[in-house]
Amino acid sequence: MSNKKLRIAVIGCGIITWRHLDGMSRIDDCEVYALCETVQDGRAEKLKDKYCTPETKIVTDYKELIGDPQIDAVIITTPDGVHCEQACAFLRDGKPVLLEKPMALTMAECEEILRVEKETGKRLMVGQVARYSPAFGMMKEMVDAGEIGELTFIESEYAHDYSIHRGYNDWRISPEREGVIGGGCHAIDLLRWLAGNPKDVRAYSNHKYLTTWPVNDTTIAIYNFPNNVIGKVFCSIGVKRAYTMRTCIYGTRGTIIYESGRNYLELFQCDKDDIHKGFTVPKRIPVEIKGHNMQDEIKDFVGALKAGKPAPISPLEGASTVAVACATVEAAAKGKAVKIKYPKY
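Keep in mind the model is a prediction, meaning the values are calculated, not measured.

Summing up its helical and strand segments, the protein chain has nine helices and 15 strands in all. Computed over its C-alpha atoms, the radius of gyration of the protein chain comes to 20 Å, within 12% of the 20 Å expected for a compact globule of 345 residues. Along the first, second and third principal axes, the C-alpha atoms of the protein chain reach 65 × 45 × 40 Å. In the protein chain, which comprises 345 residues, the proportion classed as buried is 52%. A separation of at least 24 residues holds for 68% of the contacts in the protein chain among residues at least 6 apart in sequence. Carbon and sulfur atoms make up 49% of the accessible area of the protein chain, which amounts to about 15500 Å² in all.

With that settled, consider helix H7 (residues 185–195). Where burial is concerned, most of H7 is hidden: 10 out of the 11 residues are buried. Taken together, the buried positions of H7 are occupied by Cys185, His186, Ala187, Ile188, Asp189, Leu190, Leu191, Arg192, Leu194 and Ala195. Phi turns positive, to about 95 degrees, at Gly196, one or two residues after H7.

Let us look at the sheet that holds strand S9 (residues 218–225). Reading across from one edge, S14-S13-S12-S11-S7-S10-S9-S8-S15 is the order of the nine strands in this open sheet, with mixed pairing throughout. Every other strand in the sheet has two partners, leaving strand S14 (283–286) and strand S15 (338–339) as the edge strands with one partner each. Alignment of strand S7 (residues 151–159) against strand S11 (residues 247–251), held across five bridges, turns out to be antiparallel. In the sheet register, Leu151 faces S11, and the bridge partner there is Gly251. The sheet contacts of H7 involve S7, S9, strand S10 (229–236) and S11, and relative to S7 the element is tilted by about 160 degrees. Helix-sheet contacts for helix H9 (residues 315–334) involve strand S8 (200–206), S9 and S15, and the interaxial angle to S8 is about 60 degrees.

It is worth spelling out the nonpolar core at this point. By size, the foremost hydrophobic cluster in this structure holds 77 residues, and its most contacted members are Ile11, Leu65, Met103, Val201, Tyr223, Ile249 and Ile256. The biggest single contributor to this core is H9, with eight residues. If we ignore the near neighbours within four places in the chain, the residues touching Ile249 are Met139, Val143, Ile148, Leu151, Phe153, Ile154, Leu194, Gly254, Thr255 and Ile256.

Look at helix H4 (residues 107–120) against H9: their axes get within 10 Å of each other, and the N-to-C directions meet at 170 degrees. In terms of orientation, H4 and H9 fall into the roughly antiparallel class. Each of Met107, Cys110, Leu114 and Glu117 in H4 lies in contact with H9, whose residues at this interface are Pro315, Leu316, Ala319, Val322, Ala323 and Cys326. For the contact of H4 with H9, the residue count by class is nine nonpolar, no polar and one charged.

Let us now look at the pairing of S10. The element S10 is largely enclosed, with a buried count of six among its eight residues. Bridge count for S7 against S10 is seven bridges, and the pairing is parallel. By the bridge assignment, Glu155 is partnered in S10 with Lys232. Bridge analysis of S9 against S10 gives eight bridges, and the strand direction is antiparallel. Following the sheet pairing, Ile222 is matched in S10 by Lys232. What sits between the antiparallel neighbours S9 and S10 is a turn of three residues, in which Asn227 has the positive phi angle 65 degrees.

To continue, consider unusual backbone geometry. A cis amide bond, omega -15 degrees, links Lys101 with the succeeding residue Pro102. With respect to the secondary-structure elements, Pro102 resides in the loop between strand S5 (97–100) and H4. At Asp170, a position not held by glycine, the phi torsion is positive, near 60 degrees. Along the chain, Asp170 turns up in the loop between S7 and helix H6 (179–182). Here the phi dihedral of Asn228 falls at roughly 60 degrees; this positive angle occurs in a residue that is not glycine. Looking at the secondary structure, you find Asn228 in the loop between S9 and S10.

Conventions we followed
- Position numbers for residues start from 1 in each chain and track the written sequence from start to end.
- Selection of residues for local features in this predicted model requires a pLDDT of at least 70, selection of side-chain atom pairs for listing and counting requires 80 or more, and totals for whole chains, interfaces and linings are taken over all residues.
- Side-chain metrics in this entry use all non-hydrogen atoms of the structure; hydrogen atoms and water are not considered.
- Numbered from the N terminus, helices here are DSSP runs of H or I no shorter than four residues, and strands are runs of E no shorter than two.
- Every radius of gyration here is taken over C-alpha atoms, with the globule rule written as 2.2 Å times N^0.38, N being the number of residues.
- When accessible area is computed with a 1.4 Å probe and restricted to protein chains, residues below 20% of their type maximum are described as buried, those above 50% as exposed, and intermediate ones as partly exposed.
- Contact definition: two residues touch when any of their heavy atoms are within 4.5 Å.
- Each accessible area value is a Shrake-Rupley result obtained with a 1.4 Å probe; residue values ignore everything except the protein chains displayed when judging cover.
- If DSSP finds at least two bridges between two strands, the strands pair.
- A fitted line through C-alpha atoms serves as each axis, taken over the contacting stretch for helices, and the angle formed by two N-to-C directions is quoted from 0 to 180°.
- Among buried residues, the Ala, Val, Leu, Ile, Met, Phe, Trp, Tyr and Cys ones that are joined through side-chain atoms within 4.5 Å form a nonpolar core.
- An angle counts as roughly parallel when it lies under 35 degrees, as roughly antiparallel when it exceeds 145, as roughly perpendicular when it falls between 65 and 115, and as oblique in every other case.
- Polar here means any residue outside two lists: the nonpolar Ala, Val, Leu, Ile, Met, Phe, Trp, Tyr, Cys and Pro, and the charged Asp, Glu, Lys and Arg; Gly therefore counts as polar.

If you want it as structure tokens, here you go:
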């Protein structure tokens, strides 16, 4: 397989799919073999015209692609509620899968996907795309290198006004799709990537923006991370401001701050030998802006398949992020701290 282009079937043709196909168009090792979209409004045809070849198939039911020996891998970009069904179907069909975040909306579905992935032996990668942000990647490198000392507190925001991003046919409006699961998983996964798996969570939610929606729209969560590191996630799917994943990392010898959309991050540092001497003026470290960097995410996925290596982001990582998100919803509902139960793998 190492000397051929991988033929990939893409399931779903929504807004996020445009980002996937744009990224794929810049990767030499893969091509779009098929597009699947249930909505017949010309969107699949527009994507084909812009990013694919005349030979690219268009189907309206993913089941039409089951059993097709020409498919080397599948990318699933459909609404969260059908992730489990579709991922399991393609894994059972012997196809590696790149699955958009969140892995699923419930732990029962995540555990089902893990079980099928293990049974079939086919690779599954969950697209936690924040890990491919150049800024967040640089922040992780700095933390791992000890540039700000020992972590003390870490926080990230997911602020996204869903009143103007409801999804086609309002797919985002669902009792199962709490904002902190469907969107806040970005911020949760980022903190897990930087600080490890939190042990428990206490959370508070309210419902003042999207009052006709069946879920809370704003949540603040406090997490107890390993090594006595405190973490916080702010998630609002109704907040009136531009989208952001503003993130701050505090350590004993410094602080790193990044605001989405900026082409730099800020680094404060104190004297390496004496933390009692205060801190430097912030250094502005240039970073590349790539937004939702699907290109590098897909490149990693394709590269792992061609090299016969494990998925760059394991399915357990995707399931663990959902475990934290679900525990957050539970903690807010119960009004007390909840211990986070991680899936076995």
